[in-house]
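Secondary and tertiary structure notes
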Amino acid sequence: MEYQLYKVFKAEMGWSSAYDMKERRVQGGNQLLDQEMEAHSSDFSRKRKREELNGGVKAECFRKLPRRTLGLTEPAPFADELVAAKAPYVRVSMEEARRGTPEDRAVRVYADGIFDMFHSGHARALMQAKCLFPNTHLIVGVCSDDLTHKYKGFTVMNEDERYDAVRHCRYVDEVVRNAPWTLTPEFLAEHRIDFVAHDDIPYTSAGSDDVYEHIKKAGMFAPTQRTEGISTSDIITRIVRDYDVYVRRNLQRGYTAKELNVSFINEKKYHLQEHVDKVKQKVRDVEEKSKEFVQKVEEKSIDLIQKWEEKSREFIGNFLQLFGPDGALKHMLKEGKCRMLQAISPRQSPSSSPVREERSPSPAFRLPFFTSSPFFSPPHHSGSHYTGKEEDD
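For every chain, the first residue of the written sequence is number 1, and numbering continues from 1 along that sequence. Where local features are concerned, this predicted model is filtered to residues with pLDDT of at least 70; where side-chain atom pairs are given and counted, the filter is 80 or more; whole-chain, interface and lining totals use all residues. Heavy atoms throughout the structure, all of them, feed into the side-chain values; hydrogens and water do not.

Named according to an unreviewed UniProt entry, the protein is choline-phosphate cytidylyltransferase originating from Cyprinus carpio. In its Catalytic activity (unreviewed entry) section, the UniProt record describing the protein reads: "phosphocholine + CTP + H(+) = CDP-choline + diphosphate". UniProt positions are given in the numbering used here, feature names are shortened, and annotations may be inferred rather than shown by experiment.

Structural data, given as structure tokens:
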């Protein structure tokens with residue numbers, strides 16, 4: 001409900017920028033919203049009552065806002081390119097800054113550093129400095145090469161590159177070039193700085209145990225947290241540790257040995273190492289391919305053996321079914337033998353003989369060499385010729 005009322009109030013006041021809404025709602029906090037709503041409560045309440053009498057709040061006041069890109073489209077300006085402010089410099093207290101300053105008076109927070117090889121640790125520190133107060137104007141000071149080489153050491157990026165890297169960070173509103181190593185009251189007054197943001201670890205440098213000690217005593221110090229696991233020194237350590245790898249990498253990309261400050265002998269050594277690594281890589285590729293080939297052959301051989309076993313079991317089963325002791329061939333031979341025996345053997349006589357009366361008379365045969373048979377009569381001889389019924393028969 002509070003957000004809906006805020007949208008109605010925003011429409012009345014003519015706020016059309018998503019950045020204004022973000023500043024008043026997210027960064028400004030509820031305190032800033034309450035102050036602005038109290039200033040115009042009379043007009044707003046009268047309009048609200050009229051709308052309630054006419055049937056409630058208009059539906060268009062509760063529409064969702066269109067999606068807009070809130071990121072910056074231009075880099076942060078340099079401090080020496082801005083017009084100097086003419087109003088007197090009056091610092092705000094910590095309570096006032098946390099409570100929320102007016103729209104025309106942002107809390108000016110200053111953060112300085114070397115910012116060599118700008119990385120996520122730097123960006124996180126600047127993000128914390130930007131989010132310290134609801135309405136913050138972040139000023140970032142970058143030290144020059146002379147001061148950095150004198151007090152800290154040689155940098156990878158030169159000062160112009162470091163300036164440009166910082167001003168393209170989304171949390172930065174203003175960049176101070178050639179920032180001092182120790183902050184003086186004159187510098188704080190010149191840039192109208194309210195608070196200085198840095199991690200709370202004592203920064204020993206330039207013969208001092210902590211260069212921010214006087215800032216802490218003045219109540220202008222706002223601590224931030226360091227990002228563990230990443231720093232410029234860590235990145236440089238990785239490069240030094242893997243120096244040969246990066247030199248060979250840049251030689252492959254077309255950099256000359258002179259540009260890399262590499263001697264003739266070392267250049268040839270790196271080229272030889274590169275050829276050796278290529279040969280090793282080819283050997284590894286051949287080994288991997290041979291392993292893949294052997295693995296495929298093993299898989300195919302296992303598959304082939306399994307299929308052969310299945311086929312052999314099927315063949316043996318069919319063989320036993322055909323030629324086994326109770327196989328089909330034995331039954332076929334037995335059946336054929338029975339048929340052959342039936343074909344070559346005579347028919348069996350009937351088990352009982354028919355009755356004599358029912359039998360038809362059969363002719364009597366008389367053979368000369370059967371004399372005792374009752375069916376035959378003895379032959380009669382008369383002289384040399386034999387005559388009888390048998391002859392006629």
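**Topic: the pattern of salt bridges**
In what follows, salt bridge is the name for a side-chain nitrogen of Lys or Arg lying within 4 Å of a carboxyl oxygen of Asp or Glu. Overall, the coordinates contain 14 salt bridges when judged by the stated rule. With a shortest N-O distance of 3.5 Å, Glu-213 and Lys-217 are connected by a salt bridge. Of the two residues, Glu-213 and Lys-217 are both situated in helix 10 (residues 213–217); the distance of 4 residues between them amounts to about one turn of the helix. With a relative accessible area of 67%, Lys-217 lands in the exposed category. Its salt-bridge partner being Glu-309, residue Arg-313 comes within 3.7 Å of it at the nearest N-O pair. With Arg-313 and Glu-309 both in helix 13 (residues 264–323) and 4 residues apart, this pair spans about one turn of that helix. In the salt-bridge network here, residues are joined through shared partners; they are Asp-200, Asp-210 and Lys-216. Working definition: helices are DSSP H or I runs of at least four residues, strands are E runs of at least two. Numbering for both runs from the N terminus. Only protein chains enter the accessibility calculation, which uses a 1.4 Å probe; a residue whose area is less than 20% of its type maximum is buried, one above 50% is exposed, and one in between is partly exposed.

**Describing helix 8 (residues 159–167)**
Buried residues of helix 8: Arg-162, Tyr-163, Val-166 and Arg-167, and no others. Buried residues of helix 8, seen end-on, are gathered within an arc of 125° and therefore sit on one face of the element. Of the surrounding elements, those touching the buried residues of helix 8 are strand 2 (136–142), helix 7 (145–151) and strand 3 (174–177). Here a polar contact is taken to be a pair of N or O atoms separated by no more than 3.5 Å, where protein atoms must pair a possible hydrogen donor with a possible acceptor and residues adjacent in sequence count only if both atoms sit in side chains. Among the residues of helix 8, the N-terminal cap falls to Asn-158, whose side-chain oxygen and the backbone nitrogen of Asp-160 are separated by 3.3 Å. By definition, the arc is the one covered by directions from the helix axis to the C-beta atoms. For this analysis, residues touch if any pair of their heavy atoms sits within 4.5 Å.

**A short note on the confidence of the model for the protein**
Mean pLDDT for the protein: 76, with 69% of residues reaching 70 or above. Note: pLDDT gives the predictor's confidence per residue, expressed from 0 to 100. Confidence drops under a pLDDT of 50 for residues 1–33, and excluding neighbours within four residues, the segment shows 56 contacts in the predicted structure. Confidence drops under pLDDT 50 across residues 369–377; counting only partners more than four residues distant or on other chains, this segment forms 8 contacts.

**A word on helix 12 (residues 243–252)**
Every buried residue of helix 12 is listed here: Val-247, Arg-248 and Leu-251. Burial along helix 12 is one-sided: seen end-on, the buried residues are contained in an arc of 95°. Along helix 12, the residues that are exposed and aim more than 90 degrees away from the buried face are Val-245 and Gln-252. One or two positions beyond helix 12, positive phi appears at Gly-254, with a value near 105°.

**Side note on the packing of aromatic side chains**
Under the pairing criterion, centres of Phe, Tyr and Trp rings, with the six-membered ring standing for Trp, must be within 6.5 Å; the plane angle then separates stacked pairs below 30 degrees from edge-to-face pairs above 60, leaving the rest tilted. By the definition in use, this model includes 5 aromatic pairs. Centroid distance Phe-133 to Phe-195: 5.1 Å. Interplanar angle 35°. Geometry classified as tilted. Residue Phe-133 is located in the loop between helix 6 (120–130) and strand 2, and its partner Phe-195 is located in strand 4 (residues 195–199); the two are separated by 62 residues in the primary sequence. Looking at Phe-133, the relative accessible area reads 5%, which means it is buried. Exposure remark for Phe-195: the relative accessible area of 0% places this residue in the buried category. Note that Arg-91 overlies the ring of Phe-195, its terminal NZ or CZ placed 5.6 Å from the centroid. The ring of Phe-78 is capped by Arg-177, whose NZ or CZ atom sits 3.9 Å from the centre of that ring. Charge over a ring is defined by NZ of Lys or CZ of Arg lying within 6 Å of the ring centre and within 35 degrees of the ring normal.

**Notes on the pairing of strand 1 (residues 107–113)**
By the criterion of burial, strand 1 is predominantly enclosed, with 7 of the 7 residues buried. Because side chains alternate across strand 1, one face comprises the buried residues Val-107, Val-109, Ala-111 and Gly-113, and the other comprises Arg-108, Tyr-110 and Asp-112, equally buried. Direction of pairing for strand 1 relative to strand 2: parallel, over a ladder of 7 bridges. Within the sheet, the bridge partner assigned to Asp-112 lies in strand 2 and is Gly-141. By convention, orient the strands away from the viewer: a clockwise path from the first strand over the helix to the second makes the crossover right-handed. Of the crossover connections in this fold, the one passing from strand 1 over helix 6 to the parallel strand 2 is right-handed. The pairing criterion is simple: DSSP has to find at least two bridges between the two strands. In terms of strand pairing, strand 1 meets strand 4 through 2 bridges, oriented parallel. Bridge pairing in strand 4 links Val-109 to Phe-195.

**Overview of the sheet that holds strand 4**
Pairing between the strands of a sheet comes from backbone hydrogen bonds, and it takes one of two forms, parallel or antiparallel. The strand order 3-2-1-4-5 describes an open sheet built from 5 strands, whose pairing is parallel. For this open sheet the edge positions go to strand 3 and strand 5 (221–224), each flanked by a neighbour on one side alone. Recorded for the sheet is a direction-independent mean angle of 30° between the axes of neighbouring strands. All axes here are fitted lines through C-alpha atoms, helices being fitted over the stretch that makes contact, and every angle between N-to-C directions spans 0 to 180 degrees. Running at roughly 145° to strand 2, helix 6 makes contact with strand 1, strand 2, strand 4 and strand 5 of the sheet.

**Points about the nonpolar core**
Among the nonpolar cores identified, the biggest contains 21 residues, and Leu-126, Val-140 and Val-172 are the most heavily contacted of them. Excluding residues that lie within four positions of it along the chain, Val-140 makes contacts with Tyr-110, Ala-111, Phe-115, Leu-126, Val-166, Val-172, Glu-174, Val-175 and Val-176. Only buried residues count toward a nonpolar core. Its members are Ala, Val, Leu, Ile, Met, Phe, Trp, Tyr and Cys residues joined through side-chain atoms within 4.5 Å. Judged by nonpolar contacts, the second largest core, of 15 residues, contains Ala-79, Ala-179, Leu-183 and Val-211.

**Thoughts on the packing of helix 12 against helix 13**
Across the interface, helix 12 lies against helix 13 with an axial gap of 10 Å and an inter-helix angle of 90°. As judged from the angle between their axes, helix 12 and helix 13 are roughly perpendicular. Where helix 12 approaches helix 13, its residues Tyr-243, Asp-244, Val-247, Arg-248, Leu-251 and Gln-252 are matched on the opposing element by Tyr-270, Gln-273, Glu-274 and Asp-277. Looking at the contact of helix 12 with helix 13 residue by residue, the class counts come to 4 nonpolar, 2 polar and 4 charged. Roughly parallel means an angle under 35 degrees; roughly antiparallel means over 145; roughly perpendicular covers 65 to 115; every other angle is labelled oblique. Any residue outside Ala, Val, Leu, Ile, Met, Phe, Trp, Tyr, Cys, Pro, Asp, Glu, Lys and Arg is labelled polar, Gly included; the first ten of those are nonpolar and the last four are charged.

**Some remarks on unusual backbone geometry**
Leaving glycine out, the prevailing phi sign among residues is negative, and the prevailing peptide bond configuration is trans. Positive phi, close to 60°, is recorded for Phe-115, a residue that is not glycine. Position of Phe-115 relative to the elements: it lies in the loop between strand 1 and helix 6. Take Phe-115: its relative accessible area is 7%, and that puts it in the buried class. With a phi close to 55°, Arg-192 is a non-glycine residue in the positive phi region. You can see Arg-192 is positioned in the loop between helix 9 (185–190) and strand 4.

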